[in-house]
Amino acid sequence: MTDPSFQPSFQPSFQPSKAQQDLQAAARDLAERAIRPNAAEVDRTESYPWDNVAALRDGGFMGMTIPTAYGGRGLGFLDASLVVEEMAKVCGVTGRIAVEANMGGVSAIMRYGSEAQKKLAADLVLGEGDKPAICITEPDAGSAASEMTTRADKRGDHYILNGSKHWITGGGVSKLHIIFARVFDEAGADQGIGGFLAVRGHTEGLRIGAREPTMGLRGIPETEVFFDDMMVPASHVLTPPGGFKKGFGELMAAYNSQRVGAGTVALGLAQGAYDHALSWVQEREQFGRPIAEFQGLQWMLADMSIGLDASRLMLHRAAASADPFPDARLAAQAKIFAAETSIKVANDALQMFGARGYSRNRPLERICRDVRMFTIGGGTAQILRTVVASRILERKLPQGRDGYAEKQGKPVDSARPTAAARAAE
Ligand code: FAD
Ligand code: COA
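What counts, and at which threshold
- Residues numbered from 1 in each chain as written.
- Chains lettered and ligands numbered in written order.
- Predicted model: local features only at pLDDT ≥ 70, side-chain atom pairs only at ≥ 80, totals over all residues.
- Heavy atoms only, no water.
- Near = heavy atom within 4 Å.
- Polar contact = N/O pair within 3.5 Å; in protein donor to acceptor, adjacent residues only side chain to side chain.
- Helix = DSSP H or I, 4+ residues; strand = E, 2+ residues; numbered from the N terminus.
- Nonpolar A, V, L, I, M, F, W, Y, C, P; charged D, E, K, R; others polar.
- Buried < 20%, exposed > 50% of the residue type's maximum accessible area, 1.4 Å probe, protein only.
- Lys, Arg positive; Asp, Glu negative; His and termini not counted.
- Salt bridge = Lys/Arg side-chain N within 4 Å of Asp/Glu carboxyl O.
- Contact = heavy atoms within 4.5 Å.
- Phe/Tyr/Trp six-rings, centres within 6.5 Å; stacked < 30°, edge-to-face > 60°.
- Lys NZ or Arg CZ within 6 Å of the ring centre and 35° of its normal.
- Core = buried A, V, L, I, M, F, W, Y, C linked by side-chain atoms within 4.5 Å.
- Areas by Shrake-Rupley, 256 points an atom, 1.4 Å probe, with all protein chains shown as cover.

In the vicinity of ligand 2 lie 18 residues, with Ser146, Lys246, Tyr255, Asn256 and Arg259 positioned nearest. Contact between ligand 2 and Gly378: an oxygen atom at 3.5 Å from a main-chain N or O atom of the residue. One nitrogen or oxygen atom from the side chain of Lys396 is found 3.2 Å from an oxygen atom belonging to ligand 2. Here the shell around ligand 2 gets 7 residues from one element, more than from any other, and that element is helix α8 (residues 247-283). When grouped by side-chain class, the residues that make up the shell around ligand 2 number 8 nonpolar, 7 polar and 3 charged.

On to the side chain of Lys335. Structurally, Lys335 can be placed in helix α10 (residues 328-352). Buried and unpaired, Lys335 has Glu340 as its nearest opposite-charge partner, separated by 9.2 Å. A polar side-chain atom of Lys335 sits 2.9 Å from the main-chain carbonyl oxygen of Phe374. What Lys335 contacts, discounting residues up to four positions off in sequence, is Arg259, Ala262, Gly263, Phe374, Gly377, Gly378, Gly379 and Leu384.

Attention now goes to the packing of aromatic side chains. Applying the stated criterion to the full structure yields 7 aromatic pairs. Grouping aromatic residues by their ring pairs yields a cluster made of Tyr159, Phe196 and Phe244. Over the ring of Phe184 we find Arg151, and its NZ or CZ is 4.1 Å from the ring centre. Against the face of Phe226 rests Arg207, its NZ or CZ located 4.5 Å from the ring centre.

This part takes up the nonpolar core. Counting residues in each nonpolar core, the largest one holds 96 residues, and the members touching the most others are Phe61, Met87, Ile97, Phe180, Leu238, Met352 and Phe374. Among the elements that make up this core, the one with the highest residue count is α8 (16 residues). Setting aside anything within four residues of it in sequence, one finds Leu238 in contact with Ala108, Ile109, Tyr112, Gly113, Gln117, Ile178, Gly194, Gly195, Leu197 and Leu251. Grouped together as the second largest cluster of nonpolar side chains are 18 residues, Tyr159, Leu161, Phe227 and Val232 included.

This brings us to the pattern of salt bridges. Tallying each qualifying case throughout the model produces 21 salt bridges. Note that Glu41 is salt-bridged to Arg44, the shortest N-O span being 3.0 Å. Residue Glu41 and its partner Arg44 are both found in helix α2 (residues 39-45); the two are separated by 3 residues, about one turn of the helix. Using a relative accessible area of 40% as the deciding quantity, one classes Glu41 as partly exposed.

The next point concerns the site of ligand 1. Contacts to ligand 1 come from 19 residues, most closely from Thr137, Ser143, Trp167, Thr380 and Gln382. For ligand 1, a nitrogen atom lies 2.8 Å from a polar atom in the backbone of Ile134. For ligand 1, an oxygen atom lies 2.7 Å from a polar atom in the side chain of Gln382. Considered on its own, ligand 1 offers 970 Å² of accessible surface; in the complex 66% of this is hidden by protein. Examining the composition of the shell around ligand 1, we find that 3 residues originate from one element, strand β3 (residues 158-169), more than from any other. Residue classes in the shell around ligand 1 are distributed as 8 nonpolar, 9 polar and 2 charged.

And the structure:
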């Protein structure tokens, strides 16, 4: 049976422009010169690589998707992906910084924000090398993100935020925070979900909590973030055109760019692992000949290369589908494929090194730890499959019991209060 919903409007061009080739070459040069040499140290010390941030900023790679009117380079998501892959090839943490400084939150502000909000974001990202933090996930609302209970109460010309988030990338290093919260009007009625901008060091009531000790990508903190009667002026509310009622979906549409970025970091890391392995199998000899001459490894190499190539094509197509944001299905399937492929490729690359791959003196074990995150963060591989399936079947697939019951015309599970009711408690 054919899939009626799948008619990608974007037909990939296989010829990068001269400008894209130059951009990629400049990114590769910077990555080799300034980023690769300290990647192991960043992992070992678990410290945020401010030197890398300065190098990215000086190279014009922070905020490159910001329109020229606000001082950026006005580049697209495909351009940004080329840069992200080069950074991630040598350092996953730096790849992620490049994503968050160009995609996700930055792109949401540049699309939906007021003039003042765009200027604020441009000043922080371009001027200070800030990588904004996106605050969506809560302890009780992970995959079920729309069930968040962080609340924003309207009081005159400002909002009061209360609640908490966790696993926030860049907590304690990022200045600009884009916070998803459930909005209540002055009468206490649920309005939907909106985005709220806060600046660490300026916005009172924004509190950074404990840092998670993570498996990989250790140079970037993942922390709790708390909002204690945090006052946000109405001028700092990021409201997409559909208002709060449509706010969640429209903010998530912007988030599709972040999913392409995350998949691209996975791709870059895996490409880096593959490159190491390719050199090694031609150099290392056993049984009197290079191990690349054994068919067992040749077929592994072929599968690794096929996976990388397919990941890149899917990611580039998703990036280039942006109108103004990448298509939800193309972004989801590209991220799933790239994330799962990266785990396999990194693992196979380590295998090709034998015992040496298991040593912390080589980058393979770090890459294996780093890639493990991408089937989880930014929407799990399971949730993203639901996004893909809903597009295949051309209908909503509510995962909550009430949503499903409502769709079926059955009584809802009245024992389970809605997220709005829980936020109101
Ligand atoms: P859960 O939702 O509890 O899921 C647990 C398991 O159940 C998963 O395997 C999941 O796939 C599965 N599952 C849940 N529901 C379904 C379903 N309906 N169908 C099938 N399977 C299901 N969040 C932010 O807001 N900002 C950040 O900057 C950020 N950075 C992160 C960085 C890292 C390194 C990591 C690991 C996470 C980050 N997150 C961030 C959080 C991330 O988005 C969540 O971890 C993710 O959405 C999953 O939520 P959860 O961890 O609560 O898992
Ligand atoms: N792109 C465009 N629109 C999206 C979207 C996306 N990626 N995800 C959701 N939407 C829209 C839906 O189309 C829907 O719009 P509609 O009301 O006009 O029909 C609206 O948002 C609500 O989506 P729905 O699927 O009904 O939400 P849900 O309550 O069932 O929740 C999600 C499902 C969206 C929360 C879940 O699929 C998800 O993405 N979870 C992962 C969260 C995540 O990635 N966190 C990362 C934090 S860094």
